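# Fold and geometry: a report
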Number of protein chains: 2
Amino acid sequence: MKEIKKRSECPISFCLDFFGDKWAILIIRDMILNDKTTFGDFLRSDEGIATNILTDRLKMLETEGFIVRYPVSGKARIGYCLTEKGISLIPVIIEMALWGAAQNINGYRKEFGIQLKKDKAGVIKQLAMKLTEKYITIKSDMENNFLN
Amino acid sequence: MKEIKKRSECPISFCLDFFGDKWAILIIRDMILNDKTTFGDFLRSDEGIATNILTDRLKMLETEGFIVRYPVSGKARIGYCLTEKGISLIPVIIEMALWGAAQNINGYRKEFGIQLKKDKAGVIKQLAMKLTEKYITIKSDMENNFLN
DNA sequence: CAGGATCCCATAGGATACTG
DNA sequence: CAGTATCCTATGGGATCCTG
């Protein structure tokens, strides 16, 4: 598994050492903005991640405490959900989205960029609430199943 | 020179395709937060960038319009300065710093994180003003030298 | 469908020595 | 001091096939 190497005590460098991994962030993005939860969901993103890379990054994100695995019913029997630590990345992701949208005005998410500019704090709060709620539900479900 | 590959139309992916380069961001960080301007300055950062990598990234950042080279007097005859495009990265850098500081509370920049939490908008504005002023001065200097 | 296993190669980037 | 050049190795990651 690709491991995170801390190169210095600088918080920005620290952030980059994790965050600099392009694939990992795209998975987080998909969870935050696109409501994706399963292996297949992530696989189908436009950037075209390979299965071995996806497996690797999901493991890494789980090991580092950004996401948790949980059982689901249906064809895909595994889901992934952001933890509090994962949710804490929302502001960084949003700031990246704003910058990317500003540079890349023809991108298909121009609307999203504009919405963000209007009400960044609101969007962040709303996303965080939604994801936290989901996380809490899943956590309690898992604890209950464990007890039974 | 390492080239930037755009993998999709997503603004976050777009941001990552550039921003995901850990070395490039550390150079930008040094310019924004540590007032570094010369090759030697960047070389001396804690993360220990190699000379070939540094050269490569400086070229890339210049090509992509994030920085400009300018002549200076003294031992180091070349300086680097952020353009408007480079300055536009401040909010992303700051958000990363905040996240990094929150995760890595023992880092030597805890104080910086706390200051940021108290007055993020103010810090961003102040940094942007300072850097813009510098950029404008250097730009007009260079234009004058070119005319003479 | 989730993910493991393999093969294989392009390339990032460290170390080091050199130049103007 | 600001790069250049070269060598060399680790590894990221694409493609493909396999399994429970």
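Residues numbered from 1 in each chain as written. Chains lettered and ligands numbered in written order. Predicted model: local features only at pLDDT ≥ 70, side-chain atom pairs only at ≥ 80, totals over all residues. Heavy atoms only, no water.

So, about the packing of aromatic side chains. Inspection of every chain in the model, using the stated rule, returns 14 aromatic pairs over all chains. Look at Trp99 of chain A and Phe14 of chain B: their rings are 6.4 Å apart centre to centre, the planes differ by 25°, and that puts the pair in the stacked class. A residue pair is termed interchain when its members come from two chains, as with Trp99 of chain A in helix 6 (residues 90-103) and Phe14 of chain B in helix 1 (residues 11-19). Three or more aromatic residues joined by ring pairs form one cluster here, namely Phe14, Phe18, Phe19 and Phe66 of chain A together with Trp99 of chain B. A cation over an aromatic ring shows up here: Arg7 of chain A above the ring of Trp23 of chain B, its NZ or CZ 4.5 Å from the ring centre. Lying across the ring of Phe66 of chain A, Lys85 of chain A places its NZ or CZ 4.6 Å from the centre. (Phe/Tyr/Trp six-rings, centres within 6.5 Å; stacked < 30°, edge-to-face > 60°. Helix = DSSP H or I, 4+ residues; strand = E, 2+ residues; numbered from the N terminus. Lys NZ or Arg CZ within 6 Å of the ring centre and 35° of its normal.)

For the pair chain B and chain A, the relating rotation is 180°, the translation along its axis is 0.0 Å, and the fit reaches an RMSD of 0.0 Å. Each copy turns onto its partner about a two-fold axis. Of the C-alpha atoms belonging to chain B, the one lying closest to the rotation axis is found on Gly20 of chain B, 2.3 Å away. Of the residues that chain B buries at the interface, 100% are likewise interface residues in chain A, meaning the two copies contact each other through the same surface. (Least-squares fit on C-alpha atoms with pLDDT ≥ 70 in both. Contact = heavy atoms within 4.5 Å.)

What follows is about the protein's contact with DNA strand C. Close contacts around DNA strand C come from 18 residues, with Gly40, Arg69 and Tyr80 of chain A together with Ile53 and Arg57 of chain B the closest. Within 4 Å of the protein, atoms of DNA strand C come from sugar and phosphate in 69% of cases. Here a phosphate oxygen of DNA strand C and a side-chain polar atom of Thr38 of chain A are 3.4 Å apart. Tyr80 of chain A places a side-chain nitrogen or oxygen 2.3 Å from a phosphate oxygen of DNA strand C. Broken down by secondary-structure element, the contributors of at least two residues to the surface near DNA strand C are helix 3 (39-43), helix 4 (51-63) and strand 2 (78-82) of chain A together with helix 4 (51-63) of chain B. Split into classes, the residues belonging to the surface near DNA strand C amount to 6 nonpolar, 7 polar and 5 charged. (Near = heavy atom within 4 Å. Polar contact = N/O pair within 3.5 Å; in protein donor to acceptor, adjacent residues only side chain to side chain. Nonpolar A, V, L, I, M, F, W, Y, C, P; charged D, E, K, R; others polar.)

What follows is about the pairing of strand 1 (residues 67-71) of chain B. Residues and elements named next belong to chain B. The pairing of strand 1 with strand 2 (residues 78-82) spans 5 bridges and is classified as antiparallel. Bridge pairing in strand 2 links Ile67 to Leu82. Adjacent in sequence and paired antiparallel, strand 1 and strand 2 are bridged by 6 residues, among which Gly74 carries a positive phi angle near 105°. (Pairing = 2+ DSSP bridges.)

Within the secondary structure, Glu47 of chain B is located in the loop between helix 3 (39-43) and helix 4. Here Glu47 of chain B falls in the buried class, since its relative accessible area comes to 10%. A polar side-chain atom of Glu47 of chain B sits 2.5 Å from a polar atom in the side chain of Ser8 of chain A. The contact partners of Glu47 of chain B, leaving out residues within four places of it in the chain, are Arg7, Ser8, Cys10 and Ser13 of chain A together with Trp23, Leu26 and Arg29 of chain B. (Buried < 20%, exposed > 50% of the residue type's maximum accessible area, 1.4 Å probe, protein only.)

Moving on: the packing of helix 2 (residues 22-33) of chain A against helix 4 of chain A. All names here are of chain A. The geometry of helix 2 relative to helix 4 is characterised by a closest axis approach of 10 Å and an angle of 75° between their N-to-C directions. Here helix 2 is positioned roughly perpendicular relative to helix 4, judged by the angle of their axes. Contacts between helix 2 and helix 4 involve Trp23, Ala24, Ile27 and Ile28 on the former and, on the latter, Ile53, Leu54, Arg57, Leu58, Met60 and Leu61. For the contact of helix 2 with helix 4, the per-class residue count stands at 9 nonpolar, no polar and 1 charged. (Axes fitted to C-alpha atoms, helices over the stretch in contact; angles between N-to-C directions. Parallel < 35°, antiparallel > 145°, perpendicular 65-115°, else oblique.)

Glancing now at the nonpolar core. Phe18 and Phe19 of chain A together with Phe18 and Phe19 of chain B are the most contacted members of the largest nonpolar core, which has 79 residues in total. Aside from chain neighbours lying at most four places away, what touches Phe18 of chain A is Ile4, Ala24, Ile25, Met60, Leu61, Phe66 and Leu89 of chain A together with Trp99 of chain B. (Core = buried A, V, L, I, M, F, W, Y, C linked by side-chain atoms within 4.5 Å.)

Tallied over the full model, the rule gives 0 disulfides over all chains. Its sulfur unpaired, Cys15 of chain A is 9.5 Å from the next cysteine sulfur, which belongs to Cys10 of chain A. (Disulfide = S-S within 2.5 Å.)

Another aspect to go through is helix 1 (residues 11-19) of chain A. A large share of helix 1 of chain A lies buried, amounting to 8 of its 9 residues. Burial in helix 1 of chain A covers these residues: Pro11, Ile12, Ser13, Cys15, Leu16, Asp17, Phe18 and Phe19 of chain A. Packed against the buried residues of helix 1 of chain A are helix 2, helix 4 and helix 6 of chain A together with helix 1, helix 2 (22-33) and helix 6 (90-103) of chain B.

These results come straight from atomic positions and should not be treated as a statement about function.
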